[in-house]
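# What the coordinates show
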Amino acid sequence: MTRRLSRERRRAAFLEKAGQMYDEMENWYDRHERASFGEIEREAREQRRELMGETLGILINGRDTGQQALAPRCDQCGQEMSFEGYRRWEVHGLEGDTELERAYYVCPKCRGETLFPPG
Ligand SMILES: [Zn+2]
């Protein structure tokens with residue numbers, strides 16, 4: 001999964017994925033030499049969905065996952081919260097499925113007090 005990346009590295013990650021999609025289309029066409037335009041288009045649509053899902057993941061997660069250099073303080077008691085890793089969830093979008101992730105913090109003192117920093 002993507003961690004915070006510079007804009008240039010997000011672009012490079014996208015181009016890498018786009019290149020992979022194109023290679024997959026070439027390989028698919030090699031295996032289906034007699035495919036009609038409609039069949040090629042159908043395959044491309046499938047692969048585009050996958051690429052768009054991954055692209056949005058790079059765009060969103062690569063920009064900011066909410067993790068902070070200094071731990072945030074608990075709203076209830078003011079104590080420093082501890083970073084508990086990343087929570088992931090899948091969004092089924094119009095253009096593709098994307099796995100999003102956010103940093104997850106928990107207050108060690110107030111049980112159950114959790115925070116997903118906005119971003
Ligand atoms: Zn607390």
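Procedures and definitions
Residues numbered from 1 in each chain as written. Predicted model: local features only at pLDDT ≥ 70, side-chain atom pairs only at ≥ 80, totals over all residues. Heavy atoms only, no water. Patch = residues over 30% accessible without salt bridge, like charges linked within 9 Å, V, L, I, M, F, W, Y side chains within 5 Å. Areas by Shrake-Rupley, 256 points an atom, 1.4 Å probe, with all protein chains shown as cover. Salt bridge = Lys/Arg side-chain N within 4 Å of Asp/Glu carboxyl O. Helix = DSSP H or I, 4+ residues; strand = E, 2+ residues; numbered from the N terminus. Buried < 20%, exposed > 50% of the residue type's maximum accessible area, 1.4 Å probe, protein only. Donors = N, O, S within 2.8 Å, 3.2 Å for Na, K, Ca; no water. Tetrahedral: all angles 85-135°; square planar, octahedral: opposite > 155°, others 65-115°.

### Focus: a nonpolar patch on the surface
- Nonpolar side chains collect at one region of the surface, where Leu-56, Leu-59 and Ile-60 lie side by side and expose about 230 Å² of accessible area between them.
- Tracing the backbone through its elements, the reader meets Ile-60 in helix α2 (residues 37-61).

### With respect to the pattern of salt bridges
- Within the structure shown, the criterion is met by four salt bridges.
- For the salt bridge of Asp-97 with Arg-49, the shortest nitrogen-to-oxygen distance reads 3.1 Å. Residue Asp-97 is located in strand β2 (residues 97-106), and its partner Arg-49 is located in helix α2; the two are separated by 48 residues in the primary sequence.
- Given the relative accessible area of 28%, Arg-49 is considered partly exposed.

### Things to note about the coordination of the zinc ion
- All of the protein donors around the zinc ion are Cys-74 (SG), Cys-77 (SG), Cys-107 (SG) and Cys-110 (SG); their distances to the metal are 2.3 Å.
- Each of the four donor atoms bound to the zinc ion contributes to angles spanning 103 to 114 degrees, and the resulting shape is tetrahedral.
- Along the chain, the residues that donate to the zinc ion are spaced as C-x2-C-x29-C-x2-C. Here Cys-77, found in the loop between α2 and β1 (82-92), pairs with Cys-110, found in the loop between β2 and β3 (114-115); they are 33 residues apart in sequence, far enough to count as distant.

### Details of the environment of Thr-65
- Topologically, Thr-65 is positioned in the loop between α2 and β1.
- Among the residues examined, Thr-65 registers a relative accessible area of 3% and is labelled buried.
- Separated by 29 residues in the primary sequence, Thr-65 and Ser-36 have C-alpha atoms spaced 43 Å apart.

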